[in-house]
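Survey of secondary and tertiary structure
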Amino acid sequence: MPYLFTHFKEKLTPDGEQVYFAVSRDGFNWEQLNGGNPILTAEKGFKGCRDIEIVRLFDGGFAILTTDELIVDRMDENLNVNWKIVNRTGSKCLRMWRTDDLINFSEETLLPIGTESFGCMWAPEVYRDDEKGEYLIHWGSTVKEDDYSHMSIFACRTKDFETFTEPVMFFTQESEILDTHIRKIGDTYHMFYKNADNPGMNMHATAESLDGPWIHDEKFEEYMASLGNAWAYEAPTTIVLPDGRWCLLIDFFGCEKPKMGYVPFISPEPGDSNFTMAKESFSFPYGFKHGGTVEISDEEYNRLKDYYKN
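**Topic: the overall build of the protein**
Assigned secondary structure in the protein consists of three helices and 20 strands. Taken over the C-alpha atoms alone, the protein extends approximately 50 × 45 × 45 Å along its principal axes. With 310 residues in all, the protein has 56% of them scored as buried. When contacts within the protein are restricted to residue pairs at least 6 apart in sequence, those whose partners lie at least 24 apart make up 54%. For the protein, the exposed area adds up to about 13600 Å²; of that, 48% sits on carbon and sulfur atoms.

Printed below as a string of structure tokens:
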């Protein structure tokens, strides 16, 4: 059961904020493709790709969506970023490529699916709703109505990535909310997300419907709080490992840059949120930054390895 991980890199040059690929046969040992160079480079909008998402389409192809932002261009001489300004003037569109084979890609497209009141559109993710035959695109936005002071999760639906419903508020809390990841296990929807403050850490909630209501997981919060530096984890994504265990991957962005990147947590089975950190069992060629994962076939894995030889 091979996997593809789409991500960007922690660099101080524009080539870091582009689309990178890595693959794994077992979900534990990851290897870079294309010599660790970008697979896709943005040429439109802010010319940067952050928060890389990939989804397998109903026709067997794939769509890759990203935040349209280039943070290195917003750094001052001390490498600091004024995030309040980015919240107001950041990504106004989502970037997209489509591909049937992960080798040949469509023309880069900017999706203007937001509203004029949005200050930014960050961290898109796509939930493929098999029951309805459509896709739920969800992302974080601030809005003009509250002076761009609070980020919530908005969403729209599409059947073809060409026409989209009007965006609506999908999920919000007293704290700002970032980086939602949704997965359905059995009859239960699981949502992992980043709470920005009070407390600032990753959270988990469940629901019987994609539209909620969402029930907060107290035990998961307690576990995350026990880790130390809980605020420094974001961008959750999950995979089901070949041995049947559930793996939650969370991007550790704080502290020393050499230690930044995804940290794996494992639970006994999908749907069981009793996770334990397992970073000693995993290997990465470098620190993957905010990305997405998808299962691929052996044929797709071999094709990628052959085409993007390191």
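**What to know about the pattern of salt bridges**
Following the criterion strictly, the structure yields 19 salt bridges and no others. Residue Asp 68 pairs with Arg 95 through a salt bridge whose shortest N-O separation is 2.7 Å. Within this pair, whereas Asp 68 is found in strand E5 (residues 62-68), its partner Arg 95 is found in strand E6 (residues 94-99), the two being separated by 27 residues in sequence. Here Glu 69 makes a salt bridge to Arg 74, at a shortest N to O gap of 3.0 Å. Through salt bridges that share partners, Asp 129, Glu 134, Arg 157 and Lys 159 make up one connected network.

**A closer look at the packing of aromatic side chains**
Applying the stated rule across the entire model yields 27 aromatic pairs. An angle of 75° between the planes, with centres 5.1 Å apart, marks the rings of Phe 5 and Phe 288 as edge-to-face. Of this pair, Phe 5 sits in strand E1 (residues 3-8) while Phe 288 sits in the loop between strand E19 (276-277) and strand E20 (289-295), and the two are 283 residues apart along the sequence. Just as Phe 5 is buried, Phe 288 falls in that class too.

**A look at the nonpolar core**
If you look at the biggest cluster of nonpolar residues, it comprises 32 residues, and the most contacted ones within it are Phe 170, Phe 171 and Trp 214. Ranked by size, the runner-up nonpolar core spans 22 residues in total, among them Leu 4, Phe 8, Leu 40 and Trp 97.

**A word on the pairing of strand E13 (residues 188-195)**
For E13, the buried fraction is high: seven of the eight residues fall into the buried class. Across seven bridges, the pairing between strand E12 (residues 177-185) and E13 is antiparallel. Bridge pairing links Ile 185 to Thr 188 in E13. Hairpin connection, E12 to E13: the antiparallel pair is bridged by two residues, and Gly 186 has positive phi, about 65°. Sheet analysis places E13 next to strand E14 (residues 201-207), joined by seven bridges and oriented antiparallel.

**Thoughts on the sheet that holds E12**
As a general point, the strands of a sheet are linked pairwise by backbone hydrogen bonds and lie either parallel or antiparallel. Pairing is antiparallel across the open sheet formed by four strands, whose spatial order is E12-E13-E14-E15. Because the sheet does not close on itself, it has two edges, and the strands there are E12 and strand E15 (215-216). Sheet topology note: the E14/E15 ladder contains two bridges and is antiparallel. From the neighbouring strand, Ala 205 faces E15, where its bridge partner is His 216. Strands E13, E14 and E15 of the sheet are contacted by helix H2 (residues 218-226), whose axis makes an angle of about 165° with E14.

What counts as what
Residues numbered from 1 in each chain as written. Predicted model: local features only at pLDDT ≥ 70, side-chain atom pairs only at ≥ 80, totals over all residues. Heavy atoms only, no water. Helix = DSSP H or I, 4+ residues; strand = E, 2+ residues; numbered from the N terminus. Buried < 20%, exposed > 50% of the residue type's maximum accessible area, 1.4 Å probe, protein only. Contact = heavy atoms within 4.5 Å. Areas by Shrake-Rupley, 256 points an atom, 1.4 Å probe, with all protein chains shown as cover. Salt bridge = Lys/Arg side-chain N within 4 Å of Asp/Glu carboxyl O. Phe/Tyr/Trp six-rings, centres within 6.5 Å; stacked < 30°, edge-to-face > 60°. Core = buried A, V, L, I, M, F, W, Y, C linked by side-chain atoms within 4.5 Å. Pairing = 2+ DSSP bridges. Axes fitted to C-alpha atoms, helices over the stretch in contact; angles between N-to-C directions.

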